[in-house]
Amino acid sequence: MGGSVHDLLELAISTADAAGVMLIDKRPADLGVAHTKSSPTDVVTEMDQAAERLIIDRIRASRPGDAFLGEEGGETGGSSGVRWIIDPIDGTVNYLYGLPDWAVSIAAEVGGEVVAGVVAVPVRGELYTAARGEGAYLVHRDGSTEKLRCNAGVPLERALVATGFGYLPQRRAHQAEVLCGVLPRIRDIRRGGSAAIDLCSVAAGRVDAYYERGPHEWDFAAGALIAREAGGTVGGLHGRPPSVELTIAAGPGLFGPLHDLLAPLDPERD
Ligand code: LIP
């Protein structure tokens, strides 16, 4: 079963919207850190799983032959050549604390290439979308739409750079060392808490660049397409594609200098 890129994008948009509504409506009013300490399957994990089920069920209802890669459920195969890459809540710690910057991220891949991507930020009423070759857009709650462009020509020393830190203490310790090498050479750092939103922020010019070790394909698949379609470059070290090892995203003229600053700091090790 094929389907045009526009059909895939429309399905991703309506599905991300539905998941966002559910995650806001069903979030327990007293959700707090205590919930994560009581049992191994905490409330946030339950919400994550419920949102992923909702997303997969909705997509399967109209496209039964598609494959899925989800943060919660892993890989499930399909026969259509279309694979959906899903993060039901990117920014789970923000969701837990009632901070607004968490997102539903859905990407559609055809023949191994991401062709449509949606990052919904429900609390902010923002929906970031991109179809390959057709630009990236931000749709606001009131329906107004902006075409996104990365900031261009920002010198490294004036770059506002988003990053994030993994959950493992050993990884974080080295990420802090890398940060020590980066921070004196740039304008400042932002740690928003969602890799998907960080990539959309590069696309929207709300930050100039982003780098992080650790985010998986489900965290960055949609956001990377959105950043690229807004004119950005997204990659790993030494010409490699973005991966769990390292993802760097930046507007024109900044990717190279940021890459060259990071490379000797050994940002791919824990
Ligand atoms: C999180 C990211 C965040 C990153 C964390 C984690 P989750 O995803 O988006 O920016 O720094 O390491 O991967 O766990 O909220 O889906």
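Residues numbered from 1 in each chain as written. Predicted model: local features only at pLDDT ≥ 70, side-chain atom pairs only at ≥ 80, totals over all residues. Heavy atoms only, no water.

Draft legend 1. Structural view of the site of the ligand. By nearness alone, 16 residues border the ligand, and Asp90, Gly91, Thr92, Tyr167 and Glu212 come closest of all. Within the side chain of Arg191, one N or O atom sits 3.0 Å away from an oxygen atom of the ligand. Glu212 is positioned with one of its side-chain polar atoms (N or O) 2.5 Å from an oxygen atom of the ligand. Taken by itself the ligand offers 380 Å² of open surface, and the protein chains cover 93% of this. Classifying every residue of the shell around the ligand by side-chain character gives 4 nonpolar, 6 polar and 6 charged. Mapping the shell around the ligand onto the domain boundaries places at least three of its residues in each of domain 1 (5–147) and domain 2 (156–265). (Near = heavy atom within 4 Å. Polar contact = N/O pair within 3.5 Å; in protein donor to acceptor, adjacent residues only side chain to side chain. Areas by Shrake-Rupley, 256 points an atom, 1.4 Å probe, with all protein chains shown as cover. Nonpolar A, V, L, I, M, F, W, Y, C, P; charged D, E, K, R; others polar. Domains from an automatic or database assignment.)

Draft legend 2. Fine view of the packing of helix 6 (residues 195–204) against helix 7 (residues 217–229). One can describe the packing of helix 6 onto helix 7 by two numbers: an axis separation of 8 Å at closest approach and a directional angle of 5 degrees. What the angle tells us is that helix 6 and helix 7 run roughly parallel. Here Ala195, Ala196, Leu199, Cys200 and Ala203 of helix 6 come into contact with helix 7, specifically with Asp219, Phe220, Gly223, Ala224, Ile226 and Ala227. A class-by-class count of the residues in the contact of helix 6 with helix 7 yields 9 nonpolar, 1 polar and 1 charged. (Axes fitted to C-alpha atoms, helices over the stretch in contact; angles between N-to-C directions. Helix = DSSP H or I, 4+ residues; strand = E, 2+ residues; numbered from the N terminus. Parallel < 35°, antiparallel > 145°, perpendicular 65-115°, else oblique. Contact = heavy atoms within 4.5 Å.)

Draft legend 3. Inspection of the packing of aromatic side chains at higher detail. Inspection of every chain in the model, using the stated rule, returns 1 aromatic pair. Ring geometry for Tyr95 and Trp102: centres 4.9 Å apart, planes at 85 degrees, overall edge-to-face. You'll find Tyr95 and Trp102 in the same group, each marked buried. Positioned above the aromatic ring of Tyr95 is the side chain of Arg27, whose terminal nitrogen or guanidinium carbon lies 5.6 Å from the ring centre. (Phe/Tyr/Trp six-rings, centres within 6.5 Å; stacked < 30°, edge-to-face > 60°. Buried < 20%, exposed > 50% of the residue type's maximum accessible area, 1.4 Å probe, protein only. Lys NZ or Arg CZ within 6 Å of the ring centre and 35° of its normal.)

Draft legend 4. Structural detail: the sheet that holds strand 3 (residues 82–90). Reading across the sheet, the 8 strands line up as 2-1-3-4-5-6-7-8 and stay open at both edges, with mixed pairing between neighbours. Two strands bound the open sheet, and with one partner strand each, they are strand 2 (74–76) and strand 8 (145–147). Looking at each pair of strands side by side, their axes are set apart by 15 degrees on average, direction ignored. Two elements, strand 7 (residues 136–140) and strand 8, share 3 bridges in a ladder whose sense is antiparallel. In the strand pairing of strand 8, Leu138 is matched with Glu146. Strands strand 3, strand 4 (103–110), strand 5 (113–121) and strand 6 (126–131) of the sheet are contacted by helix 1 (residues 5–25), whose axis makes an angle of about 30 degrees with strand 5. (Pairing = 2+ DSSP bridges.)

Draft legend 5. Spatial organisation of the domain arrangement of the protein. Split by domain assignment, the protein resolves into domain 1 (5–147) and domain 2 (156–265). Distance between the C-alpha centres of domain 1 and domain 2: 21 Å. The partner domain 2 presents 20 residues to the 37 residues of domain 1 that form the contact. Interface area for domain 1 against domain 2, summed over the two sides, is near 2,000 Å², with a carbon-plus-sulfur share of 63%. Viewed at the interface, domain 2 and domain 1 are joined by 2 salt bridges. Summed over the shared surface of domain 1 and domain 2, the number is 11 residue pairs in polar contact (both at pLDDT 80 or more). Those elements that place two or more of their residues in the side of domain 1 that touches domain 2 are strand 1 (67–70), strand 3, helix 4 (92–97), strand 4, strand 5, strand 6 and strand 7. Class assignment for the residues of the side of domain 1 that touches domain 2 results in 19 nonpolar, 9 polar and 9 charged. (Buried area = accessible area lost by both parts, 1.4 Å probe. Salt bridge = Lys/Arg side-chain N within 4 Å of Asp/Glu carboxyl O.)

Draft legend 6. Region of the structure containing the nonpolar core. Membership of the largest hydrophobic core comes to 35 residues, with the highest contact counts inside it found for Ile85, Val119, Tyr128, Leu148, Tyr210 and Ile226. Among the elements of the structure, strand 4, strand 5, strand 6, strand 7, strand 9 (160–163), helix 6 and helix 7 are those that each provide at least two residues to this core. Looking at this core element by element, the count peaks at 8 residues for helix 7. Both domains that meet at this core, namely domain 1 (5–147) and domain 2 (156–265), each give it at least three residues. Setting aside chain neighbours within four positions, we find Ile85 in contact with Leu69, Ser105, Ile106, Ala107, Glu109, Val114, Glu217, Trp218 and Ala221. Within the second largest apolar cluster, 34 residues are counted, among which are Ile13, Leu23, Ile55 and Trp102. (Core = buried A, V, L, I, M, F, W, Y, C linked by side-chain atoms within 4.5 Å.)

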